Amino acid sequence: MDAAPNTAHHVAYTINGVIRMATIEPWVTLLDLLREEFDLTGTKKGCDHGQCGACTVLINGIRINSCLVLAVSRSGSVVTTIEGIGTPDQLHPLQAAFVKHDALQCGYCTPGQICSAIGLISEGIAKTRDEIREGMSGNLCRCGAYIGIVDAIEEVLAAAPDANSLP
Ligand code: FES
Ligand code: FES
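Everything quoted here is computed from the prediction, not taken from an experiment. (Residues numbered from 1 in each chain as written. Chains lettered and ligands numbered in written order. Predicted model: local features only at pLDDT ≥ 70, side-chain atom pairs only at ≥ 80, totals over all residues. Heavy atoms only, no water.)

### What to know about the pattern of salt bridges
Side-chain pairs of opposite charge can arise whenever the charged atoms involved come near each other.
So, point 1. Evaluation of the coordinates by the stated rule reveals 6 salt bridges.
So, point 2. Across the pair E155 and K100 runs a salt bridge whose closest N-O atoms are separated by 2.7 Å. Highlighted residues: E155 in helix α5 (residues 146–159) and K100 in helix α2 (residues 93–100), separated in sequence by 55 residues.
So, point 3. Among the residues examined, E155 registers a relative accessible area of 31% and is labelled partly exposed.
So, point 4. For K100, a relative accessible area of 58% corresponds to the exposed category.
So, point 5. Salt bridges sharing partners connect three or more residues here, namely D32, K45 and D48. (Salt bridge = Lys/Arg side-chain N within 4 Å of Asp/Glu carboxyl O. Helix = DSSP H or I, 4+ residues; strand = E, 2+ residues; numbered from the N terminus. Buried < 20%, exposed > 50% of the residue type's maximum accessible area, 1.4 Å probe, protein only.)

Set out below in C-alpha cells:
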C-alpha cells in the first residue's frame, strides 16, 4: 500500500512580538494554530464559522476572524492576540474601560471585543455611537453587555481618536 502523502506545511508568525513556528496541515485555521499549537487560548472559539467574532485577532494591525483564516495563507504575518494587549498591572485603555463600564459578564466574547475595538479605532471610520455599534456588529455578546461595550469604546475613542494615540 502506498504511504500517505506528506501534506504538512511549515509556517512562521510573529505573535505578540515573538517568532513562532510550526508544521501544520493546510486545513488548520489560524484560530486552531493559536490555541492548539501555541497554547494562546485567550482567543476564543465560538461558532468557528465567522459569525460571532469571538476569535478576532489583529493581523498586521487589521482585525480579522481567525477561524476564517487558513494559517498557511498568512504565514509571515504579524499577529496580535489578547495575550499581547496590556498586562494585569497595566491594562490597555480599552481593557480598563471595559472594567470601568462593566462591559462583560462571562467574558467569553471579551478578547475578541477588545481586539476588534482596537481595529475599529485604527480604521478611523467610526466617530459616533451608532457608527461604533455598526462597526462592532460582527462581535456578538450572548450576555448582552452591548451597552457597556459601546460605552467603553466611546470613551476610549474620545480620548484617543486613532490607534496611534493608544499606548
Ligand atoms: S469563532 Fe470565529 S467568528 Fe465565531
Ligand atoms: S460577556 Fe458573555 S458573551 Fe459577552
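There is more to say after this.
### Some words on the domain arrangement of the protein chain
So, point 1. For the protein chain, the assigned domains are domain 1 (9–84) and domain 2 (93–162).
So, point 2. A separation of 21 Å is found between the C-alpha centroids of domain 1 and domain 2.
So, point 3. Approximately 1,200 Å² of surface area, both sides summed, lies buried where domain 1 meets domain 2, with 55% of it carried by carbon and sulfur atoms.
So, point 4. At the boundary of domain 1 and domain 2, one finds 1 salt bridge.
So, point 5. For E123, the salt bridge is made with R63, and the minimal N-O distance between the two is 2.7 Å. (Domains from an automatic or database assignment. Buried area = accessible area lost by both parts, 1.4 Å probe.)

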